[in-house]
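Chain by chain, the residues run as shown.
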Amino acid sequence: MTATKRAVPKELLDGLMADYRKPEDLIGENGLLKELTKLLVERALEAEMADHLGHDKNRPVENAAGNTRNGRSRKTLQGEFGQLPIDIPRDRHGTFDPILIPKHQNRWNGFDDKIVSLYARGMTVREIQSHLEEMYGTEVSPSLISAVTDAVADEVKAWQSRPLDAVYPIVYLDCIHVKVRDGAVRVKAVYLAIGINLAGEKEVLGLWIAQTEGAKFWLHVVTELKNRGVQDIFIACVDGLKGFPEAIEAVYPHAAVQLCIVHMVRHSLNYVPWKQRLAVAADLKRIYQSATAMDAEQKLAEFEARWDAAYLPISQSWRRNWPRIIPFFDYPPEIRKVIYTTNAIESVNMSLRKITKNRGSFPSDEALMKLFFLALRNISRKWTLPIRDWKAALTRFTIQFENRML
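Draft legend 1. Main features of the overall build of the protein. The number of helices and strands found in the protein is 17 helices and seven strands. As displayed, the protein offers around 22500 Å² of accessible surface, 54% of which is attributable to carbon and sulfur atoms.

In C-alpha cells form, the structure reads like this:
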C-alpha cells in the first residue's frame, strides 16, 4: 500500500520561513530544522505517553494501576543534527519505555551504521571521531566508536562458520601480510578464500589469521572449508607457495591445482632489466597462450634457447612448476580466461591493502578481523553479476565434470 503524502499548509511554511536569511538559519547548529526535530520528537513522545497511560495530559486517570505522568528527564541524542537535547516524559511507576527513543539509547537510529561504514573504509577511531565532529558537530568518544564496531563480533563468528555450497567450480586462495601489535609488533598472514559458485558469482568463503604463511596452515583452511560443507572443488587457483598444492590435494584429491600464470610472469620478470622486459614478456606469452601443453613445452624450449644464458632462473622456475602450470591447457578458452589469473582475489587484496595503508599496525587479531570483515562486506556488495563468459565455462564444466556436478 502506498503511503499517503501529507500536505504541509503553505501558511505554516511561510510562518516558519519568515526569519530565513541564510542557510545557517535552516540547517545550522541552532537552525530551524534542528529545533523542529526537537519539537516533533517531544510531541511524539507525549503521544506515546498518552497511549501508555490511556489518558491525555491534565485529563482524569483512566488506567487501573493509577499510573500518572511524573515530569520529564533530559537525554542528549547524538546524530546528524549534532547533539540534540530531548525532554523525555516519565511516569510514576517507571513502566514507560518509548518506541521512538528506547531506554538507554542516546544515538539516532542509523548513526551507528555511519560509524561502522566509516570504519569499514579504513578510517581509524580518531579519524572517525574527528569526522563526526566536523560533519555533525557532535562529540563521540573513542570508546563509543570501539563499542559500536565491536558489536559486529558476533556477525564475524556467524559468517566465518556459516554453511557453504557443496560444489565450487573454482576457488582462489591467496594471502596478504599485515602488522599486528601482539605484545610486540608482528607481521601476520591473512588467508583469504574466494569461490566461484555454480551461478558464476564470487563469494568470500572465509578469512583466517596466522603467524606466518605456510602450507600447514593452508591445510587447516581447506579442511575447514570441507567441514563447512564444500564437498568438491574443480580447480584451485593459487600462487607459488611451496607445499600449497599438496595441502589442497590432501583434502580435495580430485581438484586440479593451477598456479597463477600472472604470478609466474611477474616472478620471472624480476630477473630482467627494464629495457628487455617487453621482449621477455612477449616470449613468455607465447608459452601460456599455446593451444596445447605439448605446444607450450616447445615454446618453453625455444625460450630456454634464447634467454637461458642471461636469465637461467626463469626457465628453471617454469620447469620446476610445470606440472602445476599445464592443467591450464586442459581447458578451452572460456575456462582459461577464468583461471588464467588470481585477479579475482588480487583485486580484493588490493582493496584491503588500501584501507590498511594508513595504519602502522592493528592492536589485536580481533581488530584486524573486524575491519577486514566489514571491508569484505562492502566489497562483495558490488558483485552483482556473474563473472564474464561464465555460461560458456559452466557448459564446459558440466560436460567435463558430469559425475561431480551435485
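Here the narrative resumes, following the displayed structure.
Draft legend 2. Quick peek at the pattern of salt bridges. Considering all chains together, one arrives at 15 salt bridges under this definition. Put simply, R324 and E246 hold a salt bridge, and the shortest N to O gap is 3.6 Å. Within this pair, whereas R324 is found in helix α13 (residues 322-325), its partner E246 is found in helix α9 (residues 244-251), the two being separated by 78 residues in sequence. A relative accessible area of 45% means that E246 is categorised as partly exposed. Salt bridges sharing common partners tie together E46, R69 and R72.

Draft legend 3. Focus on the sheet that holds strand β7 (residues 256-259). Taken in spatial order, the five strands of this open sheet run β5-β4-β3-β6-β7, and their pairing is mixed. Pairing within the sheet leaves two strands with one partner each, and these edge strands are β5 (202-210) and β7. Averaged over neighbouring strand pairs, the angle between their axes works out to 25° when direction is ignored. Here 13 bridges tie strand β3 (residues 167-182) to strand β4 (residues 184-196), and the two strands are oriented antiparallel to one another. Within the sheet, the bridge partner assigned to R181 lies in β4 and is V185. Packing against the sheet, helix α8 (residues 215-227) makes contact with β3, β4 and β5, and its axis sits at approximately 140° to β5. Along the sheet, helix α16 (residues 365-380) makes contact with β3, β4 and β5, crossing β5 at roughly 170°.

Draft legend 4. The nonpolar core, seen in detail. W318 and L352 are the most contacted members of the largest nonpolar core, which totals 90 residues. Setting aside chain neighbours within four positions, we find W318 in contact with M264, V265, S268, L284, I287, Y288, L300 and I325. One finds V41, L77, L84 and I101 within the second-largest nonpolar core, a separate group that totals seven residues.

Draft legend 5. Representation of the packing of aromatic side chains. One pass over the structure, following the stated rule, counts 10 aromatic pairs. Taking the centre distance of 6.5 Å and the plane angle of 40° together, the rings of F303 and W307 count as tilted. On the criterion of helical spacing, the pair formed by F303 and W307 is a turn pair, its members being four residues apart in helix α12 (residues 293-320). Among the residues examined, F303 registers a relative accessible area of 2% and is labelled buried.

Draft legend 6. Just the side chain of S290, in detail. Inspection of the secondary structure assignment puts S290 in the loop between α11 (274-288) and α12. Of the polar contacts made by the side chain of S290, one reaches the backbone oxygen of R286; its length is 2.8 Å. If sequence neighbours within four positions are ignored, S290 has contacts with D295, A296, K299, F329 and R336.

Draft legend 7. Geometry of helix α10 (residues 261-269). Taken together, the buried positions of α10 are occupied by I261, V262, M264, V265, S268 and L269. Relative to the axis of α10, the buried residues are bounded by an arc of 160° and lie together on one face. Next to the buried residues of α10 lie β7, α11, α12 and α13.

Draft legend 8. Up close: the environment of D165. Position of D165 relative to the elements: it lies in the loop between α7 (153-160) and β3. The spacing of D165 and Q231 is 66 residues in sequence and 8.1 Å in space, taken between C-alpha atoms.

Draft legend 9. Geometry of the pairing of β4. The turn linking β3 back onto β4 is made up of one residue, and G183 within it adopts a positive phi angle of 80°. Two strands pair when backbone bridges link them, and β4 and β5 are joined in this way by eight bridges, in the antiparallel orientation. Bridging across to β5, A193 finds its partner in G206. Counting the residues that bridge the hairpin from β4 to β5 gives five residues, and of these G200 lies at a positive phi of roughly 80°.

Draft legend 10. Structural detail: the packing of α8 against α9. Relative to each other, α8 and α9 sit at 30°, their axes nearing to 8 Å. By the angle between their axes, α8 is roughly parallel relative to α9. Handedness of the α8/α9 crossing: right-handed. Only F244, A247, I248, A250 and V251 of α9 make contact with α8, whose side of the interface consists of A215, W218, L219, V222, T223 and K226. Partitioning the contact of α8 with α9 into residue classes produces nine nonpolar, one polar and one charged.

Draft legend 11. Highlighting the environment of Q316. You can see Q316 is positioned in helix α12. In sequence terms Q316 and S268 are 48 residues apart; their C-alpha atoms lie 9.9 Å from each other.

The rules we used
Residues numbered from 1 in each chain as written. Predicted model: local features only at pLDDT ≥ 70, side-chain atom pairs only at ≥ 80, totals over all residues. Heavy atoms only, no water. Helix = DSSP H or I, 4+ residues; strand = E, 2+ residues; numbered from the N terminus. Areas by Shrake-Rupley, 256 points an atom, 1.4 Å probe, with all protein chains shown as cover. Salt bridge = Lys/Arg side-chain N within 4 Å of Asp/Glu carboxyl O. Buried < 20%, exposed > 50% of the residue type's maximum accessible area, 1.4 Å probe, protein only. Pairing = 2+ DSSP bridges. Axes fitted to C-alpha atoms, helices over the stretch in contact; angles between N-to-C directions. Contact = heavy atoms within 4.5 Å. Core = buried A, V, L, I, M, F, W, Y, C linked by side-chain atoms within 4.5 Å. Phe/Tyr/Trp six-rings, centres within 6.5 Å; stacked < 30°, edge-to-face > 60°. Polar contact = N/O pair within 3.5 Å; in protein donor to acceptor, adjacent residues only side chain to side chain. Arc of directions from axis to C-beta. Parallel < 35°, antiparallel > 145°, perpendicular 65-115°, else oblique. Left-handed = near helix turned anticlockwise from the far one by under 90°. Nonpolar A, V, L, I, M, F, W, Y, C, P; charged D, E, K, R; others polar.

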